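Structure at a glance
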Amino acid sequence: MPYLDDLNPAQRAAVLALDGPVLMLAGAGTGKTKALTSRIVHLLATGKARPNEILAVTFTNKAAREMKERVARMLGQSVEGMPWMGTFHSISVKILRRHAELAGLKSNFTILDTDDQLRLLKQLIVAAGIDEKRWPARMLAGVIDSWKNRAWTPAKVPSSEASAYNNRGTELYEQYQERLRTLNACDFGDLLLHVVTLFQAHPDILAQYQRWLRYILVDEYQDTNVAQYLWLRLLAQGHRNICCVGDDDQSIYGWRGAEVGNILRFEKDFPGAEVVRLEQNYRSTEHILAAASGVIAANAGRLGKTLWTEAQGGEKVRLIGHWDGEEEARWIGDEIEALQRGTRGGQPVGLNDQAILVRASHQMRAFEDRFLTIGLPYRVIGGPRFYERLEIRDAMAYFRLAVSPDDDLAFERVVNTPKRGLGDKAQQDIQRTARVSGMSLLEGARELLAAGGIGGKGAGQLRAFVAGVDRWHAKTLQQGHSHIELAEQILEESGYTAMWQADKTPEAPGRLENLKELVKALEQFENLQGFLEHVALIMENETEDAVEKVSIMTLHAAKGLEFPAVFLPGWEDGLFPSQRSMDESGLKGLEEERRLAYVGITRAEHLCTISFAANRRVYGQWQSQLPSRFIDELPVAHVDVLTPPGLYGGAYGAAAPGGFGGGSRIEDRATKADVYNSPGWRRLQERSSQRPVSQPRESRSPVIDLAAVSSFTEGDRVFHQKFGYGSVAAIEGDKLDIAFDKAGVKKIVARFVVAAHEADDVPF
DNA sequence: CAGGCTGGCTTTTTT
DNA sequence: AGCCAGCCTG
């Protein structure tokens, strides 16, 4: 078994314990995925299970894909034969399609995304005569989601929740479920919920799956919610061969229903469970690990793990304070360039190997602005995703309508997009006609037209729209017709493409580009149906870039990733830990924030730089900030303080041995006199005075595109990917001051913009 | 029906 | 400060 030789003792123990319940506590960077995949390979190699008898569950498609690839690589063959490897949701859909009728659905039910869900709820809210302003649909969606996360059907919502959504929550939840059933649709929460209720109501079906799925593996167990927990427990009750992998210290999704409790009480749920701890870290230096451990140690109720590494030395975690957020961004930009060139000492660090991890996405802006100015390539991870974009959702609605003409939500979305002269009045008439006759909106429209119930110009256009849907639908039923051509035809004939071609806003060219990409994505599918099914569950858009870029993302988005150099800006109380988190969830919230800090630090392999600013604009108001309480928890021995003494912040650095602060209570930091007289603070001062704050660097930008510099003159019209159209107001070397039509004046490096006329003819 | 104005909100996000 | 939704006006 060559794959076993590759493992350390703990990993091997986790792989060899095939039977019975196993909890694999895998710290950051301890080779968790390796152990997990080896375990699957071992199950197959020992003949304990056949490929279709292993249930391997992850949260994200990305994790599922990664697992598939790694197992395939280790086996030297594809994993086509492992149908039960996927996300909770994709596996649930598979189960639910088979038994849809038992959940009151047809097996071709559609899966609604958040947007559809919200529009539906809005309708119910209006119908119930509730002021949507005071009681927003988002709130109701949140309430219903949290109930579904707890596996509560409308009947099971406890009376203690009766006050939810102005006392109308339960009632609306019931109506919503009713509506979904009529539409033959599910939201994401339903996928899990229906499977759980199905298993509970039909022991025979459950037993069948229990018999089938002899071995169960679960990744990121600390992120499971109650519904997922029940889902797993029901399935695992058969053979009790369940292996859950997770790290309680990395549980950061409590706010969306994840229960750390699930992992904490695993041993109670599964008596006799074997617990294996993976603690040898292969990712980070000892200083980085020590810093992370120092912070997380402040959390109570941990299962407890101590990461260690054989790696010696390395750089300490760096800590620096700045005057404000802009200076912080400037300094980090300089540091990144210095690392890239290798002028900071040590090997050059490529931009792909550097990341900035922020608490909240609005923090990204300062960095984007700065990087645009200095021409530092960056990529933002986790922005709006491809399939969530307006134009993609519109196009998808057209496709849905072609496939199922009775899809009312799709009908509503596009009946007047592009504008067909069908305003509120016309649409309400259609709705009413449909409701009265108990038909779909499309049929309602048809009937209304026949009855002459639609006025003047709208009538002709609606007739054309209905005829279009009929035509497209007929084509989806024909064999041998190219679905790609059909898609193009739909976008063309509906006037949707033309709508964007006529649009002169800066986003229009990009949207046309996206539509082209959408059509291209169809190539990988047999037909439109297959494509729609895929998109409902797999909302992702991973683009591999040829150009090296720094990554900017939230701490949440960074989980599971690693980078040689990591910057953690904005470590200020209120921002990180987030005030809102503490207000809403108290100590629990604070502890989750602390785990977020732990996740952040442990992303770093070699260099981790934490920073904070003394002043920051919050909602447009300048505020003076205190350094994060987490900074007090960093062990002094593993941190280099780069901040000039007495300058900014200044509140960190009390005398307690081993840490910067004596505690995390605000009162502690208020006694500044003590702090400044303390040995700890003097030590900090001595250390930081030995080094310049940041070495002066020769001025920046390795690559200057001379062609770009010379090709603009003042007054030129230009186009920028993010800011749209504008005119050149001033030129300074390779930098342009551009007055954007929408975004105001910005300083931008010339190679980031194109002449406006070039942007105009993006072909479609 | 467009376009402009005002008022309210503002953490994290996968499926 | 900036974004969005809803409202009013032309």
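Not measured: the values here are computed from a predicted model. Throughout this document, residue positions are counted from 1 along each chain, in the order its sequence is written. Lettering of chains starts at A and numbering of ligands starts at 1, both following the order in which they are written. Restriction of local features to residues with pLDDT of at least 70 applies here, the model being predicted, together with a cutoff of 80 or more for giving and counting side-chain atom pairs; totals for whole chains, interfaces and linings are based on all residues. Remark: hydrogens and water are excluded; side-chain values derive from all non-hydrogen atoms of the structure.

Turning our eyes to something else, we now look at the overall build of chain A. Note on conventions: DSSP H or I runs of at least 4 residues are helices, E runs of at least 2 residues are strands, and numbering of each starts at the N terminus. Helix and strand counts for chain A stand at 33 helices and 21 strands. Each residue's exposure class comes from its accessible area (1.4 Å probe, protein chains only) as a fraction of the maximum for that residue type: buried when under 20%, exposed when over 50%, partly exposed otherwise. Burial status across chain A gives 53% buried among its 764 residues. Here the analysis covers contacts within chain A between residues at least 6 apart in sequence; of these, 74% occur between residues at least 24 apart. Here the open area of atoms and residues is found with the Shrake-Rupley method and a 1.4 Å probe, where only the protein chains shown may cover a residue. Per element, the accessible surface of chain A, about 33,400 Å² overall, is 50% carbon and sulfur. In what follows, a contact means two residues having at least one pair of non-hydrogen atoms within 4.5 Å.

Turning our eyes to something else, we now look at the protein's contact with DNA strand C. In the neighbourhood of DNA strand C, the contacting residues comprise Glu 132, Arg 365, Tyr 619 and Gly 620. Here a residue is considered near a molecule or strand provided that any single heavy atom belonging to it is located within 4 Å of it. Sugar and phosphate atoms represent 38% of those atoms of DNA strand C found within 4 Å of the protein. Its residues assigned to classes, the surface near DNA strand C shows one nonpolar, one polar and two charged. Residues are sorted three ways: Asp, Glu, Lys and Arg are charged, Ala, Val, Leu, Ile, Met, Phe, Trp, Tyr, Cys and Pro are nonpolar, and all the rest, Gly among them, are polar.

Another point: the packing of aromatic side chains. Centres within 6.5 Å are what make two rings of Phe, Tyr or Trp a pair, Trp counting through its six-membered ring; a difference in plane orientation under 30 degrees is then read as stacked, over 60 as edge-to-face, and the rest as tilted. Per the counting criterion, the structure on display carries 24 aromatic pairs. Between Phe 525 and Phe 531, the ring centres sit 5.4 Å apart and the planes meet at 75 degrees, which makes this aromatic pair edge-to-face. A relative accessible area of 19% means that Phe 525 is categorised as buried. Classification of Phe 531 by relative accessible area gives buried; the value is 0%. An aromatic cluster is present here, built from Tyr 398, Phe 411, Phe 465, Trp 472, Tyr 496 and Trp 500 joined pairwise through their rings. If you follow Lys 94 out to its NZ or CZ, it ends over the ring of Trp 84, 5.5 Å from the centre. The rule for a charge over a ring is simple: NZ of Lys or CZ of Arg within 6 Å of the ring centre, and within 35 degrees of the ring normal. The ring of Phe 109 is capped by Arg 97, whose NZ or CZ atom sits 4.1 Å from the centre of that ring.

As a further point, take the UniProt feature "binding site: ATP" (unreviewed entry) in chain A. UniProt positions are given in the numbering used here, feature names are shortened, and annotations may be inferred rather than shown by experiment. In the numbering adopted here, UniProt assigns the feature "binding site: ATP" (unreviewed entry) to Ala 26, Gly 27, Ala 28, Gly 29, Thr 30, Gly 31, Lys 32 and Thr 33. Tracing the backbone through its elements, the reader meets Ala 26 in strand 1 (residues 22–26). For Ala 26, a relative accessible area of 3% gives the class buried. Once you skip the residues sitting within four places of it in the chain, Ala 26 turns out to touch Lys 32, Val 245, Gly 246, Asp 247, Gln 250, Leu 278 and Lys 305. Looking at the element boundaries, Thr 33 is found in helix 3 (residues 32–45). Filtering out sequence-adjacent residues up to four positions away, Thr 33 remains in contact with Glu 66 and Arg 70.

The biggest cluster of nonpolar side chains holds 73 residues, and the ones touching the most others in it are Leu 55, Phe 109, Phe 199, Trp 231, Leu 232, Leu 235 and Ile 242. Top contributing element to this core by residue count: helix 11 (residues 226–236), with eight residues. Residues in contact with Leu 232, not counting those within four places in the same chain, are Val 57, Phe 88, Ile 216, Val 218, Tyr 221, Thr 224 and Ile 242. If you look at the next biggest cluster of nonpolar residues, it comprises 49 residues, including Phe 386, Leu 401, Val 414 and Phe 465. By nonpolar core is meant a set of buried Ala, Val, Leu, Ile, Met, Phe, Trp, Tyr and Cys residues that side-chain atoms within 4.5 Å join together.

Before going further, it helps to spend a moment on the pairing of strand 1. Most of strand 1 is tucked away: five of the five residues are buried. The side-chain alternation of strand 1 yields two buried faces, one formed by Val 22, Met 24 and Ala 26 and the other by Leu 23 and Leu 25. A pair of strands counts as paired when DSSP detects no fewer than two bridges linking them. Sheet analysis places strand 1 next to strand 8 (residues 274–278), joined by five bridges and oriented parallel. Across the sheet, residue Ala 26 finds its bridge partner in strand 8, namely Leu 278. Where strand 1 and strand 7 (residues 242–246) come together, four bridges link them in parallel fashion. Directly across from Val 22, in strand 7, lies its bridge partner Cys 243.

So, on to the confidence of the model for chain A. Each residue carries a pLDDT score, the predictor's own confidence in it, on a scale running from 0 to 100. Considering every residue of chain A, the mean pLDDT works out to 84; 87% of them sit at 70 or more. Here residues 648–659 is modelled with pLDDT under 50, and outside its nearest four sequence neighbours on either side it reaches 54 contacts, counting other chains as well.

For the rest of this paragraph, the subject is the environment of Ala 45. Here Ala 45 shows up in helix 3. Residue classification places Ala 45 among the partly exposed residues on the basis of a relative accessible area of 44%. For the pair Ala 45 and Leu 75, spaced 30 residues apart in sequence, the C-alpha to C-alpha distance is 9.1 Å. With near-sequence residues (within four places) excluded, Ala 45 lies in contact with Met 1 and Tyr 3.

What follows deals with the pairing of strand 9 (residues 317–324). In terms of burial, strand 9 is largely enclosed, as seven of its eight residues are buried. Pairing analysis gives three bridges linking strand 9 to strand 16 (residues 639–641), with the strands arranged parallel. Bridge pairing in strand 16 links Arg 318 to Asp 640.

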